[in-house]
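What follows is each chain in one-letter form.
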Amino acid sequence: MKLFRAWKRRLAAALLATTVFLPAAPFVPQAEAASNTDVFTALAGVLGTAGMYSSYLSAIMDAGNNAYYQEQTRLYDAHENGVDRNPMNHQIVGEVMEGLVERGNYVLDIRSLPFRWNVNDSAEFNAACFPTNYITVNKGLVVGLNGNVDEIAGVLAHEMTHGIKLHAAYNYARAAAQAFGINFLGMVTGAVRPDVVGVLADYSVAKNVILPAEYEADEGGFYLAASAGFNPGGPAAAMARMDYLTKHPDTFDRSYGADPYDHPDTDKREAKLAAMMSEYSAGHVTVNDRKEILIDGQPLLSASYSTEVYDDTPEQAYLIAGGLARAFHEYTTAEAWNFRPGANGRIDYLDDNRVYEYLKDAVERNHAEADLERLVRAAYAGESASGAREKMAAAENERLAYWQERMAKNAAADKKLVERLYKNADAYNDINEPELSIEEGARTFDCDNAGVKLAGIYAVRGRAKALQGDFAGAMEDCDYAVSLDPNDAYVYLNRAETKRAQGLPEEALLDIRRSISLDPKAIAAHKMAADVEDELGNTEAALADYANYHKLVPDAPDIPDEYYKRIDPKRWERMEKERAKEQEKARKEREAKKAEAEKKAEKEKDAKQNAEAKTDVKPAA
């Protein structure tokens, strides 16, 4: 396990090295800007706007379906926007996202990555989904929604829908065609480029979504959140909160460092989401004047605000109504509500599902249990005449048919897209995300063309299991991969890594040598052989392997100094000088920052003393 952890640390360091110094400015180098503009203009004239857009869309789709770019986007977001230091916010968002991802009804496009997320340190009331299906959640959103999981689920399901519907890719293609320049076309395939990462993680582009896409994301997000078990009133409640914060920014608690975000047409979106909630209830539940909850047009009760900070009555109304909507959606008869004698002579009903809490609390406060039972029984009695339940069921079947159609399309994906799934599964192992690796592998198995990389898929899954500590399962998959294709160099390399993880370097070395014999130019195999020989104390053998690795990758930064000095002394001396320069530069920057901070502190101290001196001066008699 020690060797395996060391390997993961080296990989993490390599990823970080390509990320920490990413440019925040537009990625086209200044020296190339003028010439690129000329080329862009000329190409636009030849291809036309539609042709340029199509080319950019293809490039962004390709980059968005790359697990390495997704990881770099995550690191870039953390570097640019910070990471929220409140663990509770991370826990809330994590639980909501896990619920949406694991329980929600949706199917990823074959060209899309599984979702990843994080809570950044921005105070803005917002969240964004990037083309890589990485969702960044501002701490201001979590605080602004007071940690309400149903409202947060409504917003995050909305962002997920942007990814599911590929809105982010289309949006970025449009922005690229307008502003980014011709170099963006060069991002397709190949190694991860920092400049492309900067574009993919451009927050301003991510949130510049056209209104039709926002409405589509609202609708998709509503049904995604509801299918995952969240309160169907949550999305409308979130819009009500956003609307209030937009109109009353001074009432927001800024001690948390958050600010409301002025989203367009919030009131219209709230009304649409409230209408979806009503349809979800088979048309039985409505909210009148953002306050009164009705069943089939008959008043049940009126919501009231639950906090002294501000009037959250609309939110309470939607969350109460959402509980009703959930019950009407789930149950086809009044008997299924299980009205029964409760404590203190009251009537009890439904179960203890969290979604019903707002409803039950409001009904109890208003002593409305009898009214609720009466209205519910009357509602079901009139369903046969209205046909509302049939209409609701038909709409649900239509949504399910859409996902089944996407599943069938994914299954029929061409070989290149299936191979990309396999490559992404491999990449997730590289960045120590074995769960996502296994998930991508499962998606690959569902494809008709899975056979093109079947041995590799099992090898990747074996390595993922090893990362999870399931060594028996890992070896079973790796051995099976070798049996499927004993001439695939990569499957031996994967099995070697799995053996290293179990502390079996000599056995691992046998597989590594087999891999090299099948593919003498396998870069990773030469590097792994060198590392294992070094770990075993076989210095000369390690030197030979590092030398082969150096021939394949002359600029490789991860050869230990004691070997690099012997393999390429001139290059090593240059690298040492460059490292010394960087260290000296970093030292000077630290000293400059320290001096600046001391100067600022001294200035603030003088200002404070001057202010105190003025206060102590007594007026003349």
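Described in the following lines is the structure provided in the data block. (Residues numbered from 1 in each chain as written. Predicted model: local features only at pLDDT ≥ 70, side-chain atom pairs only at ≥ 80, totals over all residues. Heavy atoms only, no water.)

## As for the overall build of the protein
Inference 1: The helix and strand inventory of the protein stands at 27 helices and eight strands.
Inference 2: Split into buried and exposed, the 621 residues of the protein put 48% on the buried side.
Inference 3: The long-range fraction of contacts in the protein, counting pairs at least 24 apart against all pairs at least 6 apart in sequence, stands at 67%.
Inference 4: Looking at the protein as shown, the accessible area adds up to about 30,000 Å², and 52% of this sits on carbon and sulfur atoms. (Helix = DSSP H or I, 4+ residues; strand = E, 2+ residues; numbered from the N terminus. Buried < 20%, exposed > 50% of the residue type's maximum accessible area, 1.4 Å probe, protein only. Contact = heavy atoms within 4.5 Å. Areas by Shrake-Rupley, 256 points an atom, 1.4 Å probe, with all protein chains shown as cover.)

## What to know about unusual backbone geometry
Inference 1: Its identity is not glycine, yet Ala 282 carries a phi of approximately 65 degrees, on the positive side.
Inference 2: One can find Ala 282 in the loop between helix 12 (266-280) and strand 4 (285-288).

## Digging into the packing of aromatic side chains
Inference 1: In total, this model carries 14 aromatic pairs according to the counting rule given.
Inference 2: Summarising the aromatic geometry, the rings of Phe 130 and Tyr 134 are spaced 6.0 Å apart at their centres and angled 5 degrees between planes, so their arrangement reads as stacked. For the pair shown, Phe 130 and Tyr 134 are each scored as buried.
Inference 3: Three or more aromatic residues joined by ring pairs form one cluster here, namely Phe 328, Trp 337, Phe 339, Tyr 349 and Tyr 380.
Inference 4: The ring of Tyr 215 carries the charged tip of Lys 272 above its face, separated from the ring centre by 5.1 Å.
Inference 5: One residue, Arg 399, lies across the ring of Tyr 223, its end atom 3.6 Å from the ring centre. (Phe/Tyr/Trp six-rings, centres within 6.5 Å; stacked < 30°, edge-to-face > 60°. Lys NZ or Arg CZ within 6 Å of the ring centre and 35° of its normal.)

## Concerning the sheet that holds strand 4
Inference 1: Ordered in space as 4-5-6, the three strands form an open sheet in which the pairing is antiparallel. Two strands lie at the open edges of the sheet, namely strand 4 and strand 6 (298-302), each paired on one side alone. Pairwise comparison of adjacent strand axes, ignoring direction, gives a mean angle of 30 degrees for this sheet.
Inference 2: When strand 4 meets strand 5 (residues 292-295), the two strands line up antiparallel, connected through four bridges. (Pairing = 2+ DSSP bridges. Axes fitted to C-alpha atoms, helices over the stretch in contact; angles between N-to-C directions.)

## Brief notes about helix 4 (residues 87-103)
Inference 1: Look at helix 4: 24 Å from first C-alpha to last across 17 residues, which is about the 24 Å you get at 1.5 Å a residue.
Inference 2: Where helix 4 is buried, its residues touch strand 1 (116-120), strand 3 (134-138), helix 5 (139-144), helix 6 (149-164) and helix 10 (211-227).
Inference 3: Of the residues that open helix 4, the one with a side-chain oxygen 2.9 Å from the backbone nitrogen of Met 88 is Asn 86. (Expected span 1.5 Å × (residues − 1). Polar contact = N/O pair within 3.5 Å; in protein donor to acceptor, adjacent residues only side chain to side chain.)

## Concerning the nonpolar core
Inference 1: Counting 75 residues, the largest nonpolar core has Leu 100, Leu 156, Trp 337 and Leu 372 as the members making the most contacts within it.
Inference 2: Of the residues forming this core, the biggest block, nine residues, is contributed by helix 13 (residues 313-330).
Inference 3: Those residues in contact with Leu 100 that sit more than four places away from it in its chain are Tyr 106, Ala 153, Leu 156, Ala 157, Met 160, Leu 224, Ala 225, Ala 228 and Phe 230. (Core = buried A, V, L, I, M, F, W, Y, C linked by side-chain atoms within 4.5 Å.)

## Notes on the side chain of Ser 437
Inference 1: Its place among the elements puts Ser 437 in helix 19 (residues 434-445).
Inference 2: Residue class for Ser 437 comes out buried when judged on its relative accessible area of 2%.
Inference 3: When neighbours within four sequence positions are excluded, Ser 437 is seen to be in contact with Ala 425, Tyr 428, Asn 429, Val 460 and Ala 464.

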